[in-house]
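# An overview of the molecular structure
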Amino acid sequence: MPIWLAIYGAGIDLPSVLDGFTWHVHEMVFGFFSAVLTGFLLTASPNWTGRKPIAGKLLASLFLLWLTGRIAMAFGGLLGDGFGPVARLIDVSFLVIVSVLIWHEILISRNKRNIPVCALVSLLAIANLVFHAEHLDWLTSDYGVRMGLALIAFLITLIGGRVIPAFTRNWMMLNRLEPLPTLFNGFDKMVLAATGLVLLLWVVDVSDAISGYGFLLVSGFQLARLARWSGWKTGSEPLVLILHAGYGWLGVSFLLLGLGLAFPGAVPVSIALHALTAGSVGTMTLAIMSRASLGPSGRPPNLPPATLLAYIPFSAGAVLPV
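Read on for an overview of the structure.

Cut-offs used in this document
Here the residue numbers are simple positions, counted from 1 along each chain's written sequence. Predicted model: local features are reported for residues with pLDDT of at least 70 only, side-chain atom pairs are reported and counted for 80 or more only, and whole-chain, interface and lining totals are derived from all residues. Hydrogens and waters are ignored; side-chain quantities use all the structure's heavy atoms. Fitted lines through C-alpha atoms serve as axes, helices being fitted only where they are in contact, and the angles separating the N-to-C directions of these axes extend from 0 to 180 degrees. Helix and strand definitions follow DSSP, with helices as H or I runs of at least four residues and strands as E runs of at least two, each counted in order from the N terminus. What sets the label is the angle itself: under 35 degrees gives roughly parallel, over 145 gives roughly antiparallel, 65 to 115 gives roughly perpendicular, and the rest give oblique. Should any heavy atoms of two residues lie within 4.5 Å, those residues are considered in contact. Only Asp, Glu, Lys and Arg are considered charged in this grouping, and only Ala, Val, Leu, Ile, Met, Phe, Trp, Tyr, Cys and Pro are considered nonpolar; every other residue, Gly among them, is considered polar. To estimate the expected span of a helix, subtract one from its residue number and multiply by 1.5 Å. Relative accessibility thresholds used throughout: buried, under 20% of the residue-type maximum; exposed, over 50%; partly exposed, between the two (1.4 Å probe, protein chains only). Any pair of N or O atoms that falls within 3.5 Å is considered a polar contact. Within protein, one atom must be able to donate a hydrogen and the other to accept it, and sequence-neighbouring residues count only if both atoms are side-chain atoms. The salt bridge definition used is simple: a Lys or Arg side-chain nitrogen within 4 Å of an Asp or Glu carboxyl oxygen. For the purposes of this section, nonpolar cores are sets of buried Ala, Val, Leu, Ile, Met, Phe, Trp, Tyr and Cys residues that join through side-chain atoms within 4.5 Å. Patches draw on residues past 30% relative accessible area with no salt bridge. Two like charges within 9 Å are joined, as are two nonpolar side chains (Val, Leu, Ile, Met, Phe, Trp, Tyr) within 5 Å. Residue-level accessible areas treat just the shown protein chains as cover; the underlying method is Shrake-Rupley with a 1.4 Å probe. Pairing of aromatic side chains requires ring centres within 6.5 Å, counting the rings of Phe and Tyr and the six-membered ring of Trp. Pairs whose planes differ by under 30 degrees are stacked, by over 60 edge-to-face, and all others tilted. We count a charge as sitting over a ring when the NZ of a lysine or the CZ of an arginine lies within 6 Å of the ring centre and within 35 degrees of the ring normal.

Looking now at the packing of helix α6 (residues 143-174) against helix α7 (residues 186-204). Two numbers describe how α6 lies on α7: the axes approach to 9 Å, and their chain directions differ by 170°. When the axes of α6 and α7 are compared, the pair comes out roughly antiparallel. Across the interface between the two elements, Y143, R146, M147, L149, A150, A153, F154, T157 and L158 from α6 touch L192, T195, G196, L199, W202, V203 and V204 from α7. Broken down by class, the residue content of the contact of α6 with α7 amounts to twelve nonpolar, three polar and one charged.

Here's what the structure looks like:
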């Protein structure tokens with residue numbers, strides 16, 4: 001982000017294999033989020049499978065591959081045009097390897113419930129491949145970024161729909177509060193199906209109007225789903241409340257995206273996408289990280305004051321662009 005701000009605000013050139021704006025988009029969708037998703041999956045998969053976590057040299061190698069990809073994409077231009085394909089290959093290989101590792105862990109443990117998560121990781125790797133193919137002029141479409149953003153939004157819908165009501169329910173039971181969050185039922189299945197369909201229509205670029213009205217409808221479904229989790233009762237526990245705020249941004253981003261597509265000029269689509277990325281992705285990332293770092297480290301699930309202070313400017317940073 002500091003490099004992007006320097007490019008955007010001061011006109012500084014980056015010796016990337018991509019132009020500055022395209023580099024920013026790619027690194028946030030396929031660089032930043034791939035690290036977030038990998039960290040989440042490697043933390044959660046042992047609970048899903050009962051197997052030992054991926055650690056040690058393999059984990060270190062994954063991190064170094066990810067870091068090398070970030071350096072190659074940012075500064076690969078210094079080595080000449082011939083290095084471009086190498087930089088892209090390094091970048092693409094990370095999500096491909098992560099996908100293989102997660103599929104291996106899920107299949108060997110016969111954990112069928114999380115096969116959809118494996119499929120979404122594989123599709124994100126394919127979206128990155130599509131992105132690079134488009135910028136090498138092998139494809140003439142613009143599907144890669146939309147596909148990546150759609151998969152991110154669906155992952156938040158899928159995984160957020162598991163962890164948010166579960167964490168909320170546990171905290172409310174501990175504090176003897178009611179009504180408890182509604183358990184997963186047919187309405188949740190309908191929201192998942194409708195969200196997936198609308199995102200698919202947007203990716204294949206059927207029509208701005210059709211996608212726009214679809215997003216407006218699904219935004220209502222998403223916000224209604226959020227309301228069923230009783231988040232307003234968690235105001236005294238920021239560690240839980242921030243999860244609801246992150247999911248709320250998903251509904252808001254769909255609303256803004258629907259307005260921008262269905263009524264051209266009403267809302268710039270770039271603003272709607274910032275609500276999704278800086279708002280929902282960013283907030284959910286910080287929320288899950290701050291919770292997940294407490295349990296495995298043996299600390300009680302009490303929010304440190306410094307983390308609470310981080311929530312405030314982070315949320316403000318998501319609000320201000322919108």
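Having put the structure on the table, let's press on.
When the terminal C-alpha atoms of α7 are compared, their 27 Å separation across 19 residues agrees well with the 27 Å that a helix rising 1.5 Å per residue should span. Taken together, the buried positions of α7 are D188, V191, L192, A194, T195, V198, L199, W202 and V203. Of the surrounding secondary structure, the elements contacted by the buried residues of α7 are α6, α8 (208-227), α9 (238-262) and α10 (269-292). Its side-chain oxygen at 3.0 Å from the backbone nitrogen of F187, N185 defines the N-terminal cap of α7. D205 occupies a position one or two residues after α7 and carries a positive phi of about 60°.

Take the pattern of salt bridges next. It is possible for side chains bearing opposite charge to pair when their charged atoms get close. For the structure shown, the criterion picks out five salt bridges. Residue E27 pairs with R70 through a salt bridge whose shortest N-O separation is 2.4 Å. Here E27, found in helix α2 (residues 20-49), pairs with R70, found in helix α3 (residues 56-75); they are 43 residues apart in sequence, far enough to count as distant. Here E27 falls in the buried class, since its relative accessible area comes to 10%. Close ionic contact of R70 with D91 constitutes a salt bridge, the shortest N to O distance being 2.6 Å.

By size, the foremost hydrophobic cluster in this structure holds 83 residues, and its most contacted members are L199, W202 and F215. Ignoring any residue separated from it by four or fewer positions in sequence, one finds W202 in contact with R146, L149, A150, S211, F215, L257, L261 and L273.

It is worth spelling out a nonpolar patch on the surface at this point. A cluster of nonpolar side chains, namely I3, F63, L64, L67, I71, F75, L78 and L79, defines an oily patch on the protein surface of about 770 Å² accessible area. It is α3 that contributes the most residues to the nonpolar patch, five residues altogether. Secondary-structure assignment places F63 in helix α3. Of the residues examined, F63 reaches a relative accessible area of 46% and is grouped as partly exposed.

The next point concerns the packing of aromatic side chains. Enumeration over the complete set of coordinates arrives at nine aromatic pairs. Judged by centre distance (5.9 Å) and plane angle (80°), the ring pair of W202 and F215 falls under edge-to-face. Of this pair, W202 sits in helix α7 while F215 sits in helix α8; the two residues are 13 residues apart in sequence, bridging distant segments of the chain. What makes F215 buried here is its relative accessible area of 0%. Ring pairs connect the aromatic residues W4, Y8 and F21, which therefore count as one cluster. Across the ring face of W48, the terminal group of R162 is positioned such that the distance to the ring centre comes to 5.9 Å.

Here the amide bond leading from E178 into P179 is cis, since omega sits at 0°, within 30 degrees of zero. Position of P179 relative to the elements: it lies in the loop between α6 and α7. Look at R110: it is not a glycine, yet its phi comes out positive at around 55°. On the secondary structure map, R110 appears in the loop between α4 (84-108) and α5 (115-135). Unlike most non-glycine residues, R176 shows phi in positive territory, near 55°.

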